[in-house]
Amino acid sequence: KQEGRNTYRLFRADMHRQDRGRLELETALRNTAETGEGLGVHYQPLFDRDSGEVHGAEALLRWHHPTLGHVSPGDFIPLAERSGLILPLGERLMHLVAAQQRDWLDAGLAPPRVAVNLSARQFWQSDLVAQVRELYAAYDLPAGQIGFELTESILLDKQQEAIHTLQALRDLGCRIAIDDFGTGYSSLSYLQDLPVTTLKIDRSFIQKLGESRGSSAIVAAVTGLAKELGLRVVAEGVETDEQLQALSRYHVNLIQGFLTGRPADAATFAERYLVRDGA
Ligand code: C2E
Ligand code: CA
Ligand code: CA
Ligand code: CA
């Protein structure tokens, strides 16, 4: 019995430690959401497969905390989504991205369009479209300069309302990509009704290409469907020449991954990929 109680207490102590860790992280994230300190953006290029040109970039949130150090989005994004902090964080991100675009334009550079990830809570904000419209106005950005990526599960929820919001964003010229495509449970028929421009095939399928028949079948099906529907296809998470080679058989327009370009801070991204407007 004694032993049992010790075990129980150890277990409890361990639980407390985990809870405390989570709480600490959430408190830190809350402060960051309020002040914006330690938040940054990395940009990863998307290349046109055939021309080799930069077609766009994905904005990825980065968080550096003074004592916790660099916290991975894989750790803080889910927490931000659960706690609702994704709303203020997402708003900060959008302003950082818009300000960066403005800086690049003012410097006479020709930045490619940038895609921002939207989570469900962000997408379903009643004033999302108004926020985006104001962002474009405040930074005087060309139509469509900032677009969005969202996962299919968001779009399955309330389809008519989703279509309405997407169409309003399309009217602002925004590109809309469905992220992590293939990992959801959707029937594909809904795709024809959605005003989206792009499908991003999830990295898990790209990485198993050539190894697993299932992955190849899914890539074949998704790319075939996208072609029929006139949608662009991005292969994300391309890491090797073999994967790039294996993709050559399919209707894939765009390549994103460590092979062609890792996410980089704005200065590095500009140095590597941006050209003078008109040059
Ligand atoms: P995601 O939207 O699927 O973003 C792509 C992730 O894959 C990024 O990780 C990127 O660095 C990584 N990646 C790109 N190429 C490769 C590759 O060739 N190999 C491998 N192994 N990974 C590659 P990151 O930056 O850690 O972001 C993770 C996730 O966090 C994102 O997945 C996205 O769901 C979320 N996230 C990041 N920034 C934001 C944001 O601003 N808002 C929201 N709502 N979510 C975000
Ligand atoms: Ca994404
Ligand atoms: Ca993705
Ligand atoms: Ca993914």
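What you are looking at is a predicted structure, and each value in this text was computed from that prediction instead of being measured.

Caption draft 1: The arrangement of the overall build of the chain in detail. Each helix and strand in the chain was counted, giving 11 helices and 10 strands. Taking the principal axes of the C-alpha coordinates as reference, the chain spans close to 75 × 50 × 40 Å. Going through the 279 residues of the chain one by one, you find that 44% of them count as buried. Sequence separation of 24 or more characterises 67% of the internal contacts of the chain that already satisfy a separation of 6 or more. Put simply, the chain shows about 14600 Å² of open surface, and 49% of that area lies on carbon and sulfur atoms. Positive and negative charge centroids in the chain, built from 29 and 37 side chains respectively, lie 6 Å apart.

Caption draft 2: Region of interest: the pairing of strand E8 (residues 232-236). In terms of residue burial, E8 counts as a mostly covered element, since 4 of its 5 residues are buried. Where strand E7 (residues 198-201) and E8 come together, 4 bridges link them in parallel fashion. Within E8, the position partnered with Thr198 by the bridge is Arg232. The sheet contact formed by E8 and strand E9 (residues 254-256) spans 3 bridges and is parallel. Pairing of Ala235 across the sheet is with Ile255, part of E9. For the segment spanning E8, helix H10 (residues 241-247) and E9, crossover handedness is right-handed.

Caption draft 3: Spatial organisation of the pairing of strand E6 (residues 176-181). Across the 6 residues of E6, 5 count as buried, placing the element largely inside the fold. Pairing of E6 with E7 involves 3 bridges; the strand directions are parallel. Pairing of Ile178 across the sheet is with Leu199, part of E7.

Caption draft 4: Structural detail: the nonpolar core. Within the largest apolar cluster, 76 residues are counted, with the highest numbers of intra-cluster contacts made by Tyr43 and Phe148. It is helix H3 (residues 86-106) that provides the largest number of residues to this core, a total of 7 residues.

Rules of the game
Residues numbered from 1 in each chain as written. Chains lettered and ligands numbered in written order. Predicted model: local features only at pLDDT ≥ 70, side-chain atom pairs only at ≥ 80, totals over all residues. Heavy atoms only, no water. Helix = DSSP H or I, 4+ residues; strand = E, 2+ residues; numbered from the N terminus. Buried < 20%, exposed > 50% of the residue type's maximum accessible area, 1.4 Å probe, protein only. Contact = heavy atoms within 4.5 Å. Areas by Shrake-Rupley, 256 points an atom, 1.4 Å probe, with all protein chains shown as cover. Lys, Arg positive; Asp, Glu negative; His and termini not counted. Charge placed at Lys NZ, Arg CZ, Asp CG, Glu CD. Pairing = 2+ DSSP bridges. Right-handed = clockwise from strand over helix to strand, strands pointing away. Core = buried A, V, L, I, M, F, W, Y, C linked by side-chain atoms within 4.5 Å.

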